[in-house]
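# Summary of the model geometry
Residue strings, one per chain:
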Amino acid sequence: MIHGILILAGLTIKEAIRRRVFLAALIISALYLGFAFLPLHIHVGLFVGLDLPTAKNNTGRIFAWLGCGTIKFFGAVLAVALSAGAITSEIDRGVLSVIVPKPIPRAAIYLGKWLGINLLLAVCVAGWGLLLAGAIWHQTGTYHPRIWGGIAAAGLFPLLFTTLTLCFSTFATYALSSSLALIAAGVALGEDLLHILSRWLDIPLLETLSRFTGYIVPLSRMNHWISRGLNADGGGTSIFGIGHGPPGSAGFDFSLFLARRDPSQAATVGSTSEADLVYILVYMAVFFVLGLLLFQRRDL
Amino acid sequence: MSAAIETKNLRKEYGGAVGRPAFTAVQDLCLSVPRGQVFGLLGPNGAGKTTTINMLLGNIKPTSGEAFLLGQPVGNQEARAHLGFLPEKFQFHEFLSAEEFLDLHGKLYGMSKAARKRRIPEVLEQVGLIARRKSRLSEFSKGMQQRVGLAQAILNDPDLVILDEPTSALDPLGRREVRDIVAGLKAAGKTVLLNSHLLSEIEMSCDQVAILKSGQVIRQGKIDDLLAAPTIVKMRVQAQTPGLITALETLSRTVEVTGEEIAATISEEGAISELAATVVGHGGRLLSLVPMRETLEDLFIRVVERDAV
């Protein structure tokens, strides 16, 4: 079983490389290199009137936040692109017809593909994370280990989208699987939208709907974990907290930063709990098992 | 020893959901393929041949019934290790070279590195691709891909090889090579299940055939037993006399004479030698005598069309 999984994981990685996934990843990497060399702190210092250390610190915050956002976005896009055609499309094209009759359990094919795609994405996320941390170091002159908390949480996005889309691909074509993944992302966006609308319009029902939507696709929970990762403990101590930031800087409280964007977010980040993480992991496990069962039971 | 392939009332139905009638692709199929034989699976399009093969491979789950490969229930890993399969519709990982492709499948078969190193050049030689072993599959023609697919099917030296339309993309030379490979497998005591629309190839290669129609076996047996005995004998005779024709008419049901050509319809195979003796006995010069044997194609058309009426 393990032997079969590893062979198929290797094959999936080789195939993805042949499909120039790493080239796409390299192009995305240019974004982080851009972060490193953008003279943003000068801009901030000149036009907002902050001193240079504070401006640099602000730049670090923005890059950390934007960087994790781009990692989760591009990671999810790559996950959908690689997973959507992994099962049904390969069956339709006749790719699996010579692999399935081999003396390996059918589950090994599914597990191998899931593992291969996720290993590849893990390499991409780690590479992008390194570039991001390097870019922040280059801009601020300080290494911030807490950035890895945010990057790790951002890595949940490709993991979730691989699991979800691979499950869809057991019964749907490439186009339909990727569309379903997009719909899932759209539903998740609805959580924040409904949340904002409920506060704005003061309609409690919308808040209930928002919470319900959050259970259907828990992307907001994962977003909160990125924020929590970038902060030390979900609210108080920041990755650029006092003692870690440049001398004279006020440190960076990510909750406050978010609170300026959306006052409701600060409380949400603060209330992020381990139970949310457990829910995310259980959610992925359910779709993983569902996909496995569907693939085991379907006719090829 | 158990049969290489055995099915018991194997059945596959599709549909049957709300408001839709069920379609039966295979109906209570009972098939027994003895070990060491080349078995042909025939049938018109939609007869259920590919569905049957897919059920044997475990790709499709039967609605009811049982199937066994090499004495083991379908899906058994041990039996699969001794199975080779070339599908009708395939697309290989084209970024791999022929050698890498076979190495991948060797690994999936669980073959050791040493076994793969020994066996890969052997099978590439057998299918005539040894010179292209380093070429990527994307550079291969459809026929070459079919050859490398065949190499993949025999890589593990299987006891049972299932070939679904193995020559559909091959030229006449390629077809002859496939026939030679099938003959070689038979000589080595392997069992081959051959699904092909090229009836002449089935006739040349197979010991037994089963003809499927609408998911049912309508004929099954040894080819010699299934084909009708020769009934028409065509002769070229010079120095014909009226007495010769009268004598031939007493031995045959009908006699048609067109110049030197005489076509005699006989009732049994034993009459052929009597026809020759009669021609010579009446002073005729017998230049040729050809019993017109029924071909597998004639049989196929006969049984499929008759059942359609």
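Predicted, not measured: the structure shown is a model, and the values here were computed from it. (Residues numbered from 1 in each chain as written. Chains lettered and ligands numbered in written order. Predicted model: local features only at pLDDT ≥ 70, side-chain atom pairs only at ≥ 80, totals over all residues. Heavy atoms only, no water.)

## As for the overall build of chain B
Selection criterion: Strands are runs of DSSP state E lasting at least two residues, helices are runs of H or I lasting at least four, and both sets are numbered from the N terminus onward. In this scheme, a residue with accessible area under 20% of its type's maximum is buried, one over 50% is exposed, and one in between is partly exposed, where area comes from a 1.4 Å probe on protein chains only. Throughout, a residue-residue contact means that at least one pair of heavy atoms, one from each residue, lies within 4.5 Å. Each accessible area is a Shrake-Rupley result for a 1.4 Å probe, and residues are judged covered by the shown protein chains and nothing else.
Along chain B, the regular secondary structure elements total eleven helices and 14 strands. Expressed as a percentage of the 309 residues in chain B, the buried residues total 48%. A separation of at least 24 residues holds for 69% of the contacts in chain B among residues at least 6 apart in sequence. Here chain B has roughly 14200 Å² of accessible surface; of this, 50% comes from carbon and sulfur atoms.

## Points about the interface of chain A and chain B
In plain terms, the rule: Accessible surface is computed with a 1.4 Å probe, and the buried area is the amount of it that two parts give up when combined, taken over both parts together. By the criterion applied in these results, polar contacts are pairs of N or O atoms within 3.5 Å in which, for protein atoms, one can donate a hydrogen and the other can accept it, and in which residues neighboring in sequence qualify only through two side-chain atoms. Ten residues, namely Ala, Val, Leu, Ile, Met, Phe, Trp, Tyr, Cys and Pro, are considered nonpolar, four, namely Asp, Glu, Lys and Arg, are considered charged, and the remaining ones, Gly among them, are considered polar.
In this complex, chain A contributes 25 residues to the contact, which on the side of chain B involves 27 residues. When chain A packs against chain B, the two sides together hide about 2500 Å² of surface, and 59% of this comes from carbon and sulfur. When residues of chain A are sorted by the area they lose upon contact with chain B, Pro101(A), Lys102(A) and Pro103(A) head the list and together hold 24% of the total. Joining chain A to chain B, the criterion identifies 16 residue pairs in polar contact (both at pLDDT 80 or more). Counting only elements with at least two residues in the side of chain A that touches chain B, the list comes to helix H1 (2-18), helix H5 (88-93) and helix H14 (274-297) of chain A. For the side of chain A that touches chain B, the element with the most residues is H1(A), which contributes six residues. Partitioned by chemical class, the residues of the side of chain A that touches chain B number eleven nonpolar, four polar and ten charged.

## Observations concerning the pattern of salt bridges
Residue and element names in this part refer to chain B. The criterion, for reference: Here, a salt bridge means any side-chain nitrogen of Lys or Arg that lies within 4 Å of a carboxyl oxygen of Asp or Glu.
All told, the structure shown has 18 salt bridges over all chains when counted by the stated rule. Between Asp103 and Lys107 there is a salt bridge; the shortest N-O distance is 3.8 Å. Linking Asp103 with Lys107, this pair stays in helix H3 (residues 98-109), spanning four residues, or about one helical turn. Asp103 sits in the partly exposed class, given a relative accessible area of 24%. Lys186 serves as the salt-bridge partner of Asp207, at 2.7 Å between the closest nitrogen and oxygen. Pair noted here: Asp207 is in the loop between helix H7 (199-205) and strand E9 (208-213) and Lys186 is in helix H6 (residues 172-187), with a separation of 21 residues, a long-range link.

## Considerations on the confidence of the model for chain B
The test is simple: The quantity known as pLDDT measures the predictor's confidence residue by residue, on a range of 0 to 100.
In the predicted model, chain B carries a mean pLDDT of 87, and the fraction of residues at 70 or more is 96%. By mean pLDDT, the top-scoring element of chain B is H3(B) (94), and the lowest-scoring one is helix H11 (residues 296-308) of chain B (76).

## What about the environment of Leu163(B)?
All names here are of chain B. Among the structural elements, Leu163 can be located in strand E7 (residues 160-164). Separated by 29 residues in sequence, Leu163 and Val192 place their C-alpha atoms 7.4 Å apart. If we skip the residues at most four places from it in the chain, Leu163 touches Leu86, Leu150, Ala153, Val182, Val192, Leu193, Leu194 and Asn195.

## Focus on the packing of helix H5 (residues 142-154) of chain B against H6(B)
Residue and element names in this part refer to chain B. Condition: Axis geometry follows a simple rule: fit a line to the C-alpha atoms, using only the stretch in contact for helices, then measure angles between N-to-C directions, giving values from 0 to 180 degrees. Roughly parallel refers to an angle under 35 degrees, roughly antiparallel to one over 145, roughly perpendicular to one between 65 and 115, and oblique to any angle outside these ranges.
The geometry of H5 relative to H6 is characterised by a closest axis approach of 12 Å and an angle of 5 degrees between their N-to-C directions. With respect to their mutual orientation, H5 and H6 come out roughly parallel. Counted together, Arg147, Leu150 and Ile154 of H5 and Gly174, Glu177, Val178, Ile181 and Leu185 of H6 form the full contact between these two elements. Here the contact of H5 with H6 is composed, by residue class, of five nonpolar, one polar and two charged.

## Considerations on the packing of aromatic side chains
Centre-to-centre distance and the angle between the planes together describe a pair of aromatic rings. Residues and elements named next belong to chain A. Just so we agree on the cut-off: Ring geometry is summarised as follows: Phe, Tyr and Trp rings, the Trp one being its six-membered ring, pair when their centres sit within 6.5 Å, and such pairs are stacked at plane angles under 30 degrees, edge-to-face over 60 and tilted between the two. Two conditions define a charge located above a ring, namely a distance within 6 Å from the ring centre to NZ of Lys or CZ of Arg, and an angle within 35 degrees of the ring normal.
In total, this model carries ten aromatic pairs over all chains according to the counting rule given. Ring geometry for Phe168 versus Phe171: centroids 6.3 Å apart, planes at 80 degrees, classification edge-to-face. Residue Phe168 is classed as buried on the basis of its relative accessible area, which comes to 12%. Given the relative accessible area of 46%, Phe171 is considered partly exposed. Seen from their ring centres, Tyr283 and Phe287 are 5.0 Å apart, and the 50 degrees between their planes marks the pair as tilted. Taken together, the residues Tyr283 and Phe287, both in helix H14 and four residues apart, mark about one turn of the helix. Here Phe287 falls in the buried class, since its relative accessible area comes to 19%. These aromatic residues form a ring-pair network of at least three members: Tyr110, Trp114, Phe288 and Phe295. The ring of Phe295 has Arg106 sitting right over it, with the charged end atom 5.8 Å from the ring centre.

## Some remarks on the sheet that holds strand E3 (residues 38-42) of chain B
Residues and elements named next belong to chain B. To keep things clear, this is the line we draw: The pairing criterion for strands is at least two bridges between them, as found by DSSP.
One open sheet accounts for six strands, arranged E6-E7-E8-E3-E9-E10; its pairing is mixed. The open sheet has two edge strands with one neighbour each: strand E6 (83-86) and strand E10 (216-222). Adjacent strand axes in the sheet meet at a mean angle of 15 degrees when their direction is disregarded. Pairing of E3 with strand E8 (residues 191-195), which is carried by four bridges, proceeds in the parallel orientation. When the bridges of E8 are listed, Gly40 appears paired with Leu194.

## What to know about the packing of helix H9 (residues 242-251) of chain B against helix H10 (residues 271-281) of chain B
All names here are of chain B. We count it as follows: Handedness of a crossing follows from how the near helix is turned relative to the far one, being left-handed for an anticlockwise turn of less than a right angle and right-handed for a clockwise one.
Taken N-terminus to C-terminus, the directions of H9 and H10 make an angle of 165 degrees; their axes are 9 Å apart at the nearest point. Viewed along their axes, H9 and H10 adopt a mutual orientation that is roughly antiparallel. The two elements H9 and H10 cross, and the hand of that crossing is right-handed. Two secondary-structure elements touch here, H9 through Leu244, Ala247, Leu248 and Leu251 and H10 through Glu274, Leu275, Thr278 and Val279.

## Comments concerning the side chain of Thr213(A)
Residue and element names in this part refer to chain A. Here Thr213 lies in helix H10 (residues 204-216). You can call Thr213 buried: its relative accessible area is 10%. Beyond its immediate chain neighbours, meaning those up to four positions away, Thr213 contacts Val187, Gly190, Glu191 and Leu194.

## Observations regarding the sheet that holds strand E12 (residues 254-258) of chain B
Residues and elements named next belong to chain B. As summarised here, the arrangement of the four strands in space is E12-E13-E11-E14, forming an open sheet in which the pairing is antiparallel. Every other strand in the sheet has two partners, leaving E12 and strand E14 (285-292) as the edge strands with one partner each. On average, adjacent strands in this sheet sit at an angle of 20 degrees to one another, irrespective of strand direction. Relative to strand E13 (residues 261-265), strand E11 (residues 232-238) is paired through five bridges, and the arrangement is antiparallel. Opposite Val233, over in E13, you have Ala264 as the bridge partner. Seen against the sheet, H9 touches E11, E12 and E13 and runs at an angle of roughly 145 degrees to E12.

## Description of the confidence of the model for chain A
Residue and element names in this part refer to chain A. Looking at chain A, the pLDDT average stands at 81 and 82% of residues meet or exceed 70. At the low end of the mean pLDDT range in chain A sits helix H12 (residues 254-261), at 47; at the high end sits helix H8 (residues 156-169), at 95. Between residues 232-261, whose pLDDT stays under 50, and residues either more than four places distant or in other chains, the model counts 66 contacts.

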